[in-house]
Amino acid sequence: MPSHLLSLSDLSYDDIINLLDTASDLKEKRARGKTSSALKNKTLAMLFEKSSTRTRISFEVAMTELGGHAIFLNYKDIQLGRGESIADTAKVMSRYVNAIMARVYKHETLVEFSGNATVPVINGLSDLEHPCQLLADLLTIREYKGRFKGLNFSWIGDGNNVCNSALLACALTGMKMTVACPGGYEPNAEIVERAKKIGGEINIIHDPMKAAKKADVLYTDVWVSMGDEDEYDQRLHDFKPYQINSRLLEQAKHDVMVLHCLPAHRGEEITAEVIDGKNSAVFDQAENRLHAQKALLLKLIS
Ligand code: CP
Ligand code: NVA
């Protein structure tokens, strides 16, 4: 296991399987009401530069259920928001807490943070990646499909942070990934290269119908990510043909699972009919953030 989790490719295939096995075990124990005190007296600091529902709640509940504690920090409320440096903040926080999870605008902020922290740093979403999301997604895919190798994973929409982590996740686990996005919204070129080097079979196209053909997994995310708000009108125009709706679903395999990291904008990137329909796994996916992150916290902190 690495000491920090900034990118999904910080993990090996074995690390991922190990984390998923622990997550499944913890999930099953939770369902039986079995509690744990594995992280007793341990504290996680959770630093946010932008909004969150799932990440904030699932990490906090994870720490509570493992016998530890989590502190929510809005960057504006600490001295970081008044100009204290990232390096000093990371050094000071490391003297108090056992791990730091941060959601930031710029990925470089996390790199600088982890370079100065002496405790594990976890990426809770940056402009480049969302590795914790993909751990939960892999857990969900394994629960529904029982395997990864050879599955057709199709991403419809923006080549954004979640898409970047998905490219690495697919490469590491042997899923074939097709991305259908409008020109100019392709995923990060350096990540695509890295994923290909890992062995990823990647196809980046512009036709959503073609991408959806024979898909085992159909995934989408918002058209306007946090930080992209200035481009709202242009993006809504550009992404219009990239909606996951029942017509697109017909192209996929009959047992395709539909994923969305949430929050969703019904009527934009996905229709209500699909997200609430029988192929949707989005709420299991959201729940799995809790189990996957518990496994991650146990590995990084203990
Ligand atoms: N999927 C996800 O990270 O959701 P939040 O923005 O609510 O944390
Ligand atoms: N791509 C989205 C994901 C939110 C969980 C964003 O960055 O806003």
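It should be noted that the structure appears before, not after, this text.
Residues numbered from 1 in each chain as written. Chains lettered and ligands numbered in written order. Predicted model: local features only at pLDDT ≥ 70, side-chain atom pairs only at ≥ 80, totals over all residues. Heavy atoms only, no water.

**Details of the sheet that holds strand 5 (residues 152-156)**
Pairing within the open sheet is parallel, and its five strands lie in the order 7-6-5-8-9. Unpaired on one side and paired on the other, strand 7 (202-205) and strand 9 (257-260) mark the two borders of the sheet. Taken pair by pair, the neighbouring strands of this sheet meet at an average axis angle of 20°, ignoring direction. For strand 5 and strand 8 (residues 217-220), the ladder comprises three bridges, and the chain directions are parallel. Among the inter-strand pairings, Ser 154 is bridged to a residue of strand 8, identified as Leu 218. (Pairing = 2+ DSSP bridges. Helix = DSSP H or I, 4+ residues; strand = E, 2+ residues; numbered from the N terminus. Axes fitted to C-alpha atoms, helices over the stretch in contact; angles between N-to-C directions.)

**Considering the pairing of strand 6 (residues 176-180)**
Most of strand 6 sits inside the fold, with four of its five residues counted as buried. Where strand 5 lies against strand 6, five bridges are found, and the strand directions are parallel. Directly across from Trp 155, in strand 6, lies its bridge partner Val 179. The sheet contact formed by strand 6 and strand 7 spans four bridges and is parallel. Residue pairing for strand 7: Thr 178 is matched across the bridge by Asn 203. Crossover handedness for the path strand 6 to helix 7 (residues 189-198) to strand 7: right-handed. (Buried < 20%, exposed > 50% of the residue type's maximum accessible area, 1.4 Å probe, protein only. Right-handed = clockwise from strand over helix to strand, strands pointing away.)

**Remarks on the pairing of strand 8**
Because side chains alternate across strand 8, one face comprises the buried residues Val 217 and Tyr 219, and the other comprises Leu 218 and Thr 220, equally buried. Relative to strand 9, strand 8 runs parallel, the two sharing four bridges. The partner of Tyr 219 across the bridge, within strand 9, is Leu 259.

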